[in-house]
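An overview of the molecular structure
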Amino acid sequence: MIRTFKKKMTFLAALVLVLPTLAKAQEFKAGKFPDRIILTWSADPKTTQAVTWRTDSTVNNSFAQILVEESSPKLDKPEAKEYQAKTEVLKGKAYETANYHSVNFEGLVPNKLYTYRVGDGTHWSEWFQFKTAPEKDQAFSFIYLGDAQNDIRSKWSRVIRKAFATHGDARFIVHAGDLINRSNNDNEWGEWHFGGGFINGMIPSIPSSGNHEYFRDEQRTLTLDPHWRAQYTLPENGPKGLEESVYYVDYADVRIISLNSQMIVLDSTSLKAQAVWLEGVLKNNPKRWIMITYHHPIYSTAKGRDNKEFRELFKPLFDKYHVDLLMQGHDHTYSRGQNLPTGVSGKVGGPMYVVSVAGPKMYKVDVNPKWMDVFAENTQLFQIIKVDGENLTYTAYKASGEVFDSFKLKKASKDKAAVFTDLNKNKK
């Protein structure tokens, strides 16, 4: 009797531990209706738009429909152009295996508002809107977010939503790596998509992979989370073997470049390959503004996080080709500083380095803050960056919506470094 009672208690204790995990898994389980709908780009943002979504594994035939937005409720009409989706299976545990579908809308008109939906012909999503990039240079803004990583649904969601509430007309969102904490964890990706919600279906994402998007397989090979290429449809214009994790997108008069810093700091072959590729992309750049996003900072705020080889190989390229803004994550603090060859603040100088954090995981600034003009600890932030001709305005907001940091860059041509103006008093 006692032995049986103990067995029952052991079983109940195990059940108590397992049930929350199972409940969360069921919460993020795929169904016949599309979910995790997200916009990215794989080609020219002026005339194309990629969309990716998920269903359960029974939905093998999916479509996307698109119309020019005319404010009419009569959307289910023959004029809607229909695209057949590409479908791939992402295998996981029984409740995680799902189909991911993608479409690249083509032949779109620049600077035009469109409405679209995705589904299998019976189970449709709601209609979403997006706007194509302008044909000519015009003012626009975008959102930049540092690491989400931990407590994503509970504590990160409000940050991306506040960013959207602050500037709902943002043209895209840059994510600087560590979007989740444990690679290949479908529940955490479920939380990340939950946090972004309909925002992801309206504003394209430009994500960079971080160290937490990687794991080592049975052969100890560094491997990118299979969710990455399944759920994002990104440009394949990067080095061979790094497609969709190293890439660039041209939007208006800006070239946005995403590097894979996890492979840079852990793989010497990738370090050199990305440097060679980057120089080619910078040398042949027709745009005025150059912005690069990656995860590991080349100037860190934390002891033991100095990426010396990364800095020594890439910094000369940033300087030579007048890169304007480096959007980084990883350090779970906020810092920004301008690397000025002249050594005089306010003069024409080098790139602006920014580290930011959107999620709740926090570290200390425990290095000599020589390179930092502004820094913060224990603060969740988002950034809005506005580009208007030769002027760039950068504003960092706390999760409350309070402005924390702001500066301007003025750049007359792509062949000269931008002139910096500090717009706040949050100096160190």
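On a predicted model such as this, the values are computed, not experimentally measured, just so you know.

1. Topic: the nonpolar core
Formed by 92 residues in total, the largest nonpolar core has its most connected members in Phe142, Trp192, Leu259, Leu278, Met291, Ile292 and Phe318. Looking at this core element by element, the count peaks at 6 residues for helix H6 (residues 268-283). Apart from residues lying up to four places away in sequence, Phe142 is in contact with Ala170, Arg171, Phe172, Val174, Ile256, Met291, Met327, Gln383, Ile384 and Ile385. Membership of the second largest hydrophobic core comes to 16 residues, among which are Leu39, Trp53, Phe105 and Val118.

2. A word on the sheet that holds strand E3 (residues 63-68)
The strands making up a sheet associate through hydrogen bonds between their backbones, and the pairing can be parallel or antiparallel. A sheet is described by the order of its strands in space; here 4 strands give the open sequence E4-E3-E7-E8, paired in antiparallel fashion. The sheet is open, and its two edges are formed by strand E4 (81-84) and strand E8 (128-131), each paired on a single side. Between one strand axis and the next, the sheet turns by 30 degrees as a mean value, whatever way the strands run.

3. Structural notes on the packing of H6 against helix H7 (residues 308-320)
At a closest axis distance of 10 Å, the pairing of H6 and H7 adopts a crossing angle of 5 degrees. On the basis of their axis angle, the class for H6 and H7 is roughly parallel. Of H7, the residues touching H6 (which contributes Leu271, Lys272, Gln274, Ala275, Leu278, Glu279 and Leu282) are Glu309, Phe310, Leu313, Phe314, Leu317, Phe318 and Lys320. In terms of residue class, the contact of H6 with H7 is built from 9 nonpolar, 1 polar and 4 charged.

4. Describing the side chain of Gln231
Locating Gln231 in the fold gives a position in helix H4 (residues 227-231). For Gln231, the side chain forms a polar contact with the side chain of His193, separated by 3.0 Å. The contacts of Gln231, once residues within four sequence positions are left out, are Ile38, Thr52, Tyr100, Trp189 and His193.

5. Structural notes on the side chain of His295
Inspection of the secondary structure assignment puts His295 in the loop between strand E16 (289-293) and H7. Within the local environment of His295, its side chain forms a polar contact with the side chain of His330, the two groups lying 3.1 Å apart. Those residues in contact with His295, other than ones at most four positions away along the chain, are Asp147, Ala176, Gly177, Asp178, Ser209, Gly210, Asn211, Ser261, Gln328, Gly329 and His330.

6. As for helix H3 (residues 186-196)
Most of H3 is tucked away: 10 of the 11 residues are buried. Where H3 is concerned, the buried positions are Asp186, Asn187, Glu188, Trp189, Gly190, Glu191, Trp192, His193, Gly195 and Gly196. Two or three places before Asn187, at the opening of H3, Asn185 has a side-chain oxygen 3.1 Å from that residue's backbone nitrogen. Once H3 ends, the next one or two residues include Gly197, with phi positive near 50 degrees.

7. Quick look at the environment of Leu179
Along the chain, the position of Leu179 falls in the loop between strand E10 (173-176) and H3. With relative accessibility at 1%, the residue Leu179 sits in the buried group. The spacing of Leu179 and Ser208 is 29 residues in sequence and 8.7 Å in space, taken between C-alpha atoms. Excluding residues that lie within four positions of it along the chain, Leu179 makes contacts with Ala148, Gln149, Ile152, Trp189, Trp192, Pro207, Ser208, Glu213 and Tyr232.

8. Observations regarding H6
Along its 16 residues, H6 runs 23 Å from first to last C-alpha, staying within 8% of the 22 Å computed at 1.5 Å per residue. On the buried face of H6, the contacting elements are strand E14 (247-251), strand E15 (254-258), helix H5 (261-266), E16 and H7. Measuring from the side-chain oxygen of the N-cap residue of H6 to the backbone nitrogen of Thr269 gives 3.0 Å; that N-cap residue is Asp267.

9. A short note on the packing of aromatic side chains
This structure, assessed with the given rule, holds 28 aromatic pairs. For the pair Tyr116 and Phe128, a centre-to-centre distance of 5.5 Å together with 20 degrees between the ring planes defines the contact as stacked. Within this pair, whereas Tyr116 is found in strand E7 (residues 113-119), its partner Phe128 is found in strand E8, the two being separated by 12 residues in sequence. Of the two residues examined, Tyr116 and Phe128, each falls in the buried class. Judged by centre distance (5.1 Å) and plane angle (10 degrees), the ring pair of Phe382 and Tyr397 falls under stacked. On the criterion of sequence distance, the pair formed by Phe382 in strand E21 (residues 381-388) and Tyr397 in strand E22 (residues 391-398) is long-range, its members being 15 residues apart.

Quick notes on the rules
- Residues numbered from 1 in each chain as written.
- Predicted model: local features only at pLDDT ≥ 70, side-chain atom pairs only at ≥ 80, totals over all residues.
- Heavy atoms only, no water.
- Core = buried A, V, L, I, M, F, W, Y, C linked by side-chain atoms within 4.5 Å.
- Buried < 20%, exposed > 50% of the residue type's maximum accessible area, 1.4 Å probe, protein only.
- Helix = DSSP H or I, 4+ residues; strand = E, 2+ residues; numbered from the N terminus.
- Contact = heavy atoms within 4.5 Å.
- Pairing = 2+ DSSP bridges.
- Axes fitted to C-alpha atoms, helices over the stretch in contact; angles between N-to-C directions.
- Parallel < 35°, antiparallel > 145°, perpendicular 65-115°, else oblique.
- Nonpolar A, V, L, I, M, F, W, Y, C, P; charged D, E, K, R; others polar.
- Polar contact = N/O pair within 3.5 Å; in protein donor to acceptor, adjacent residues only side chain to side chain.
- Expected span 1.5 Å × (residues − 1).
- Phe/Tyr/Trp six-rings, centres within 6.5 Å; stacked < 30°, edge-to-face > 60°.

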